[in-house]
Amino acid sequence: MRPRAVYSWLCWAAFLPSLQGEGGQVQDPMEGQDEGAGRPLEAFFTTQPRQEMVNEGGEIRLPCFVEDWGDFVLVWKFAAAFSNNSAIEDMTLSVGQRVIEERDQGRLRIDKERNGNWLVVAGAREEDEGRYTCMVSSFQPKSVEHRVMVRSRPVVAVGREVVQLVAGETGGVGCRVVAGRPLPELTWLDSGGRRVAEGAELELQGVTREQGGIYRCRGDNGYSSEGGLAEVVVVVEHAPELE
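All values derive from a computational prediction rather than experimental measurement.

1. Topic: the nonpolar core
In this structure, Ile60, Trp76, Leu93, Leu119 and Tyr132 are the most contacted members of the largest nonpolar core, which totals 25 residues. Those elements that provide at least two residues to this core are β2 (60–65), β3 (74–80), β4 (91–95), β6 (108–113), β7 (116–121), β8 (130–136) and β9 (142–151). Within the second largest apolar cluster, 18 residues are counted, among which are Ala197, Leu202, Val207 and Val236.

What follows is the structure, encoded as structure tokens:
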């Protein structure tokens, strides 16, 4: 038996006592869900699939709601986005209100509401990125899937902190992305905050005295309004000017 299969079996074994009735008999979650009792045999999700972008360190909050909960049991599962092994099974996170996968000292919890619940993961990390599936134990098992991407703070760096040019020359400086997911877009701003170039390279052609000053490379992936910034000082040497 594969390690993952053993783990899944142990998870369900831990949950079985809550399903046992008198005499140790395991109760079927579907028991009593017949037409005569007025309870649905099939679940209908009111939750629509989502694609969420969450900042690193933030909170992942995903819904799972059905039209008429009744005695249905909701199960949350997770498959990491960075897994290259298609044979790896989804990790069981919770069964009903019981958390199976603790996710590093209780980062995971289930918030119950009428006709469903919310899966909440605190302190989002890169490894939390992937597919989250909520399954329901109806006569015909159904599921709804959410995709989560964890966005990280952009960090950029310039090739040189100071660029010295003579008036009339052409010169420039490069900028690179050090960190950030998704990959940040690069732009250049002058000392007044005006955009003067897009992309990794800042090129100043026939530079003038007025073009000297501080320039900022900005990396933006939506993590924050300011983005990641790195500064370069452009010094322009020029002949004395008579007033």
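2. Quick look at the pattern of salt bridges
Using the criterion set out here, one finds 14 salt bridges in the structure. In this structure, Arg125 engages Glu127 in a salt bridge whose closest nitrogen and oxygen atoms are separated by 3.9 Å. Taking relative accessible area as the criterion, Glu127 reaches 44% and is therefore assigned partly exposed. The residue Arg195 makes a salt bridge to Glu198 at a minimum N-O spacing of 3.2 Å. Each of the two residues, Arg195 as well as Glu198, counts as exposed. Salt bridges sharing partners connect three or more residues here, namely Glu59, Arg61, Arg109 and Asp111.

3. Section: the packing of aromatic side chains
Summed over the entire model, instances satisfying the criterion amount to 2 aromatic pairs. The interplanar angle of 75 degrees and the centroid separation of 5.8 Å between the aromatic rings of Phe65 and Trp118 together place this pair among those described as edge-to-face. You can see Phe65 sitting in strand β2 and its partner Trp118 sitting in strand β7, a full 53 residues away along the chain. On the basis of relative accessibility, which here comes to 13%, the residue Phe65 falls in the buried class. Here the aromatic rings of Phe78 and Tyr132 are separated by 4.6 Å at their centres, their planes lie at 40 degrees, and the arrangement is tilted.

4. Section: the environment of Ala79
Inspection of the secondary structure assignment puts Ala79 in strand β3. On the accessibility criterion, Ala79 (15% relative accessible area) is buried. Expressed as a C-alpha distance, the spacing of Ala79 and Thr92, which sit 13 residues apart in the sequence, is 9.2 Å.

5. Quick notes on the state of the cysteines
For the structure shown, the criterion picks out 2 disulfides. A sulfur-sulfur distance of 1.9 Å marks the disulfide that ties Cys64 to Cys134. Handedness here is read from the sign of the S-S torsion; for Cys64 and Cys134, about -75 degrees, the answer is left-handed. On the criterion of sequence distance, the pair formed by Cys64 in strand β2 and Cys134 in strand β8 is long-range, its members being 70 residues apart. Each member of the pair, Cys64 as well as Cys134, carries the same accessibility label: buried. Paired through a disulfide, Cys175 and Cys217 show a sulfur-sulfur distance of 2.0 Å. The chirality of the disulfide connecting Cys175 with Cys217 is left-handed, given an S-S dihedral of about -80 degrees. Taken together, the residues span a long stretch of sequence, with Cys175 in strand β12 (residues 171–179) and Cys217 in strand β16 (residues 213–220) at a distance of 42 residues. Note on accessibility: Cys175 and Cys217 belong to one class, buried.

6. Some points on the sheet that holds strand β5 (residues 98–99)
In spatial order, the strands read β1-β9-β8-β3-β4-β5; together these 6 strands make up an open sheet with mixed pairing. Pairing within the sheet leaves two strands with one partner each, and these edge strands are β1 (50–55) and β5. Bridge analysis of β3 against β8 gives 7 bridges, and the strand direction is antiparallel. Bridge pairing links Ala79 to Arg131 in β8.

7. Digging into the sheet that holds β2
Backbone hydrogen bonds hold the strands of a sheet together, and the pairing may be parallel or antiparallel. Here 3 strands make up an open sheet; going across it, the order is β2-β7-β6 and the pairing antiparallel. A strand with exactly one partner marks an edge of an open sheet, and here the two such strands are β2 and β6. Between one strand and the next, the sheet's axes are offset by a mean angle of 20 degrees, whatever the strand orientation. With 6 bridges joining them, β2 and β7 adopt antiparallel strand pairing. Looking at β7, one finds that Ile60 is bridged to Val121.

Parameters and conventions
Residues numbered from 1 in each chain as written. Predicted model: local features only at pLDDT ≥ 70, side-chain atom pairs only at ≥ 80, totals over all residues. Heavy atoms only, no water. Core = buried A, V, L, I, M, F, W, Y, C linked by side-chain atoms within 4.5 Å. Buried < 20%, exposed > 50% of the residue type's maximum accessible area, 1.4 Å probe, protein only. Helix = DSSP H or I, 4+ residues; strand = E, 2+ residues; numbered from the N terminus. Salt bridge = Lys/Arg side-chain N within 4 Å of Asp/Glu carboxyl O. Phe/Tyr/Trp six-rings, centres within 6.5 Å; stacked < 30°, edge-to-face > 60°. Disulfide = S-S within 2.5 Å. Pairing = 2+ DSSP bridges. Axes fitted to C-alpha atoms, helices over the stretch in contact; angles between N-to-C directions.

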